[in-house]
Amino acid sequence: MADTSETRTIFVTGLKNAHAMENQALSIMKPQVSRIENYPEVAARLEQHIRETEGQIARIEEVLTSLAEEHSSLKDMALSLTGSMAAMGHSVAGDEIIKNSLANFAFENYEIAAYKSLITIAEHGGFPGLAPALKSNLEEEIAMAKWLDDNLKSVTMKFASLKEAGERAKI
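Keep in mind the model is a prediction, meaning the values are calculated, not measured.

**Considering unusual backbone geometry**
Excluding glycine, a negative phi dihedral is what most residues carry, and trans is how most peptide bonds are arranged.
Thought 1: Non-glycine residue A68 carries a positive phi angle of around 60°.
Thought 2: You can see A68 is positioned in the loop between helix 2 (40–66) and helix 3 (73–91).

Given below as structure tokens:
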């Protein structure tokens, strides 16, 4: 596969989508972390991943700039809105922390797939020098997905224990 105009278009579109996806992730995580009361380990990891996500956005912008392209403000706004709505939808649930944990794990795996696809295009489509930034993003997403997976049992058990004790457990 070579750097053709069609391959470049696919790559740039994917980068713009990834930029919007990361903005969506921020609009999901920031409201979650502001509401957490009883799960400090979850709040700390979300705060860390918010900083990582901000770095991921910057890396994507650098890649786009190197291609003389810019992110799509329209895509960013649309996905940020849907992310905010998703976060708000879980806030009324009696088991908000569980719903957020499940949704976050699913979203991290979506991001992992998106970066794997972008890296494939970068490496085989004539943009191998741009792959390292995307690999850095991928590594952070894999680490977050692993943390969520490793901690789902403890979050679930803590939620159940708090509920059984009659305490505020949802967040």
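Once you've had a look at it, read on.
**Remarks on the environment of L15**
Thought 1: For L15, the position within the fold is in helix 1 (residues 5–35).
Thought 2: In this structure, the C-alpha to C-alpha distance between L15 and L134, residues 119 residues apart in sequence, is 9.5 Å.
Thought 3: Leaving out residues up to four positions away in the same chain, L15 has contacts with I60, V63, L64, L67, L118 and L134.

**Here we look at the packing of aromatic side chains**
Thought 1: Tallied over the entire structure, the rule returns 2 aromatic pairs.
Thought 2: Between F11 and F127, the aromatic rings sit 4.8 Å apart at their centres with planes inclined by 15°, giving stacked as the arrangement. In this pair, F11 is assigned in helix 1 and F127 in the loop between helix 4 (96–124) and helix 5 (131–164), connecting sequence segments 116 residues apart. Comparing F11 with F127 shows no difference in burial state: the two are buried.
Thought 3: Their ring planes at 40° and their centres at 6.0 Å tell us that F107 and Y110 sit as a pair that is tilted. With F107 and Y110 both in helix 4 and 3 residues apart, the pair spans about one turn of that helix.
Thought 4: Geometry around Y39 places K158 over its ring, the cationic atom sitting 5.4 Å from the centre.

**Digging into helix 4**
Thought 1: With 29 residues, helix 4 ought to run about 42 Å at 1.5 Å a step, and its terminal C-alpha atoms sit 42 Å apart, in line with that.
Thought 2: G126, located one to two residues past helix 4, shows a positive phi value of around 100°.

**With respect to the layout of surface pockets**
Thought 1: Taken as a whole, the largest pocket spans an internal volume of roughly 150 Å³.
Thought 2: Lining the largest pocket, in full, are G14, N17, A18, M21, Q24, L79, Y110, A114, S117 and L118.
Thought 3: Contributions of two or more residues to the lining of the largest pocket are made by helix 1 and helix 4.
Thought 4: Considering every element that reaches the lining of the largest pocket, the biggest residue donor is helix 1, with 5 residues.
Thought 5: Of the residues that constitute the lining of the largest pocket, the class distribution is 6 nonpolar, 4 polar and no charged.

**Examining the packing of helix 1 against helix 4**
Thought 1: One can describe the packing of helix 1 onto helix 4 by two numbers: an axis separation of 10 Å at closest approach and a directional angle of 160°. Considering the angle they form, helix 1 stands roughly antiparallel to helix 4. Here helix 1 and helix 4 pass one another in a crossing that is left-handed.
Thought 2: Partitioning the contact of helix 1 with helix 4 into residue classes produces 14 nonpolar, 6 polar and 4 charged.

**Quick notes on the pattern of salt bridges**
Thought 1: Going through the model one piece at a time under the given rule, you end up with 9 salt bridges.
Thought 2: With a shortest N-O distance of 2.8 Å, E69 and R8 are connected by a salt bridge. One end of the pair, E69, is in the loop between helix 2 and helix 3; the other, R8, is in helix 1, with 61 residues separating them in the sequence.
Thought 3: E69 sits in the partly exposed class, given a relative accessible area of 23%.
Thought 4: Two residues, E52 and R45, come together in a salt bridge whose shortest N-O distance is 3.6 Å. Grouping residues by exposure puts E52 and R45 together as buried.
Thought 5: A network of salt bridges, in which partner residues are shared, links R8, K16 and E69.

What counts and what doesn't
Residues numbered from 1 in each chain as written. Predicted model: local features only at pLDDT ≥ 70, side-chain atom pairs only at ≥ 80, totals over all residues. Heavy atoms only, no water. Helix = DSSP H or I, 4+ residues; strand = E, 2+ residues; numbered from the N terminus. Contact = heavy atoms within 4.5 Å. Phe/Tyr/Trp six-rings, centres within 6.5 Å; stacked < 30°, edge-to-face > 60°. Buried < 20%, exposed > 50% of the residue type's maximum accessible area, 1.4 Å probe, protein only. Lys NZ or Arg CZ within 6 Å of the ring centre and 35° of its normal. Expected span 1.5 Å × (residues − 1). 1 Å grid on protein atoms, 1.4 Å probe; cavity = no way out; pocket = protein on both sides within 12 Å on 5 of 7 lines; lining within 4 Å. Points joined across faces, edges and corners; volume = space filled by probe spheres on them. Nonpolar A, V, L, I, M, F, W, Y, C, P; charged D, E, K, R; others polar. Axes fitted to C-alpha atoms, helices over the stretch in contact; angles between N-to-C directions. Parallel < 35°, antiparallel > 145°, perpendicular 65-115°, else oblique. Left-handed = near helix turned anticlockwise from the far one by under 90°. Salt bridge = Lys/Arg side-chain N within 4 Å of Asp/Glu carboxyl O.

Interpretation note: all reported values are geometric properties and have no functional meaning in isolation.
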